[in-house]
Amino acid sequence: MKRTLTALLLIGSLAFAQADGAKLFSQCAGCHQANGQGLPGAFPPLAGHVSDILSKQGGREYLIKVLLWGLQGSIEVKGMKYNGAMPAFGQLKDEEIAALLNHIATAWGDDKKVQGFKPFTAAEVKALREKKLTPQQVLEERKKLGLK
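Residues numbered from 1 in each chain as written. Predicted model: local features only at pLDDT ≥ 70, side-chain atom pairs only at ≥ 80, totals over all residues. Heavy atoms only, no water.

### With respect to the pattern of salt bridges
Scanning the model with the defined rule gives 8 salt bridges in all. Between Lys 65 and Glu 141 there is a salt bridge, with the nearest N and O atoms lying 3.0 Å from each other. One end of the pair, Lys 65, is in helix H5 (residues 59-69); the other, Glu 141, is in helix H8 (residues 135-144), with 76 residues separating them in the sequence. Judged by its relative accessible area of 9%, Lys 65 falls in the buried class. A salt bridge links Glu 141 to Lys 144, with the nearest nitrogen and oxygen atoms 3.6 Å apart. Of this pair, Glu 141 and Lys 144 both sit in helix H8, 3 residues apart, which is roughly one turn of the helix. Relative accessible area serves as the criterion here: at 66%, Lys 144 is assigned to the exposed category. Salt bridges sharing partners connect three or more residues here, namely Lys 65, Glu 141 and Lys 144. (Salt bridge = Lys/Arg side-chain N within 4 Å of Asp/Glu carboxyl O. Helix = DSSP H or I, 4+ residues; strand = E, 2+ residues; numbered from the N terminus. Buried < 20%, exposed > 50% of the residue type's maximum accessible area, 1.4 Å probe, protein only.)

This is the structure in C-alpha cells:
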C-alpha cells in the first residue's frame, strides 16, 4: 500500500512538473488571440497555418526557431500580408517551448492535418538553441520553406 501511494505521488508530481503549453500560450494570445485566429492585418493566425508549416520539410525546426529568436519582416498568411515583429521567447526553458509548440499544434486541430505528427520535445529545442539567429535570419528560413 505504501509503495502504491508513493508511486502515485511520484506520477502526480511528474505530471505537475511538466510545462503547461496552454498556460504559456496566454503570453501569445494577446496578439494571436485565444482562438488562434490572430488579428487580420496586424497579427497572423496560427490556427490552420501551423499545419501548412509542419507539412514542409524543415517546418518543425522553423517553428522552434521562431519561438527561440523571433521573426521580423514581411510575411503572408492565408493571402493576407503582415509586416511586423514577433518577439523571441528564448528565455523559456526547452521543455516550455516544446509544450507551447505542442499546444499551438494541437489546440485547433492542425496536428490532425499533418500525417505522422509527433509532439515536439525539449531535446529538439535544445539541439537548435545554440545556433543563435536574428529575427531577420528566421525570416530567411521561412522563405527557404517556400512560405511567403
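### Some words on the packing of H5 against helix H7 (residues 122-129)
Across the interface, H5 lies against H7 with an axial gap of 10 Å and an inter-helix angle of 65°. Of the possible angle classes, the one that applies to H5 and H7 is roughly perpendicular. Here the hand of the crossing between H5 and H7 comes out right-handed. Contacts between H5 and H7 involve Arg 60, Glu 61, Ile 64, Lys 65, Leu 68 and Trp 69 from the former and Glu 124, Val 125, Leu 128 and Arg 129 from the latter. For the contact of H5 with H7, a count of residues per class yields 5 nonpolar, no polar and 5 charged. (Axes fitted to C-alpha atoms, helices over the stretch in contact; angles between N-to-C directions. Parallel < 35°, antiparallel > 145°, perpendicular 65-115°, else oblique. Left-handed = near helix turned anticlockwise from the far one by under 90°. Contact = heavy atoms within 4.5 Å. Nonpolar A, V, L, I, M, F, W, Y, C, P; charged D, E, K, R; others polar.)

### Points about the pairing of strand S2 (residues 80-86)
Pairing geometry for strand S1 (residues 71-77) and S2, over 7 bridges, is antiparallel. What sits directly across from Ile 75, in S2, is Tyr 82. Hairpin connection of S1 to S2: 2 residues between the antiparallel strands, including Lys 78 at a positive phi of 55°. (Pairing = 2+ DSSP bridges.)

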